[in-house]
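Take a look at the letters that make up each chain.
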Amino acid sequence: MEKAQYGILRFAKYKGPEIGNIEAHNERTKEKYAGNPDVDISKSKQNFHLVTPKRKC
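The shown structure was predicted, so the numbers you read here are calculated from the model rather than taken from an experiment.

What counts, and at which threshold
- Residues numbered from 1 in each chain as written.
- Predicted model: local features only at pLDDT ≥ 70, side-chain atom pairs only at ≥ 80, totals over all residues.
- Heavy atoms only, no water.
- Helix = DSSP H or I, 4+ residues; strand = E, 2+ residues; numbered from the N terminus.
- Rg over C-alpha atoms; globule rule 2.2 N^0.38 Å.
- Buried < 20%, exposed > 50% of the residue type's maximum accessible area, 1.4 Å probe, protein only.
- Lys, Arg positive; Asp, Glu negative; His and termini not counted.
- Charge placed at Lys NZ, Arg CZ, Asp CG, Glu CD.
- Patch = residues over 30% accessible without salt bridge, like charges linked within 9 Å, V, L, I, M, F, W, Y side chains within 5 Å.
- Areas by Shrake-Rupley, 256 points an atom, 1.4 Å probe, with all protein chains shown as cover.
- Salt bridge = Lys/Arg side-chain N within 4 Å of Asp/Glu carboxyl O.

Undergrad: Where do I start with the overall build of the protein in this structure?
TA: If you tally the helices and strands in the protein, you get 1 helix and 0 strands. At 14 Å, the protein has a C-alpha radius of gyration far larger than the 10 Å of a compact globule built from 57 residues. Projected onto its principal axes, the C-alpha positions of the protein cover 45 × 25 × 20 Å. Within the protein, the fraction of its 57 residues that count as buried is 7%. If you average the places of the 12 positive and of the 7 negative side-chain charges in the protein, the two averages end up 5 Å apart.

Undergrad: Explain a nonpolar patch on the surface here, please?
TA: Side chains of L9, F11, F48, L50 and V51 sit close together on the surface and give an oily, nonpolar patch of about 710 Å² of accessible area. Secondary-structure assignment places F11 in the segment before α1 (18–27).

Any functional reading would require information that these geometric values do not contain.
Here's what the structure looks like:
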């Protein structure tokens, strides 16, 4: 039996300086996460964009 494949998408509006923090969180650019030590940053290379960003913040 095949494992089901699915994704979870969440949308929210952000403004100003919080955008950079949100991007860092989504792209896993931090080296360590105090709030969630289970984050596996070695899998960051598997990230993909549905829409390619025009620039990096």
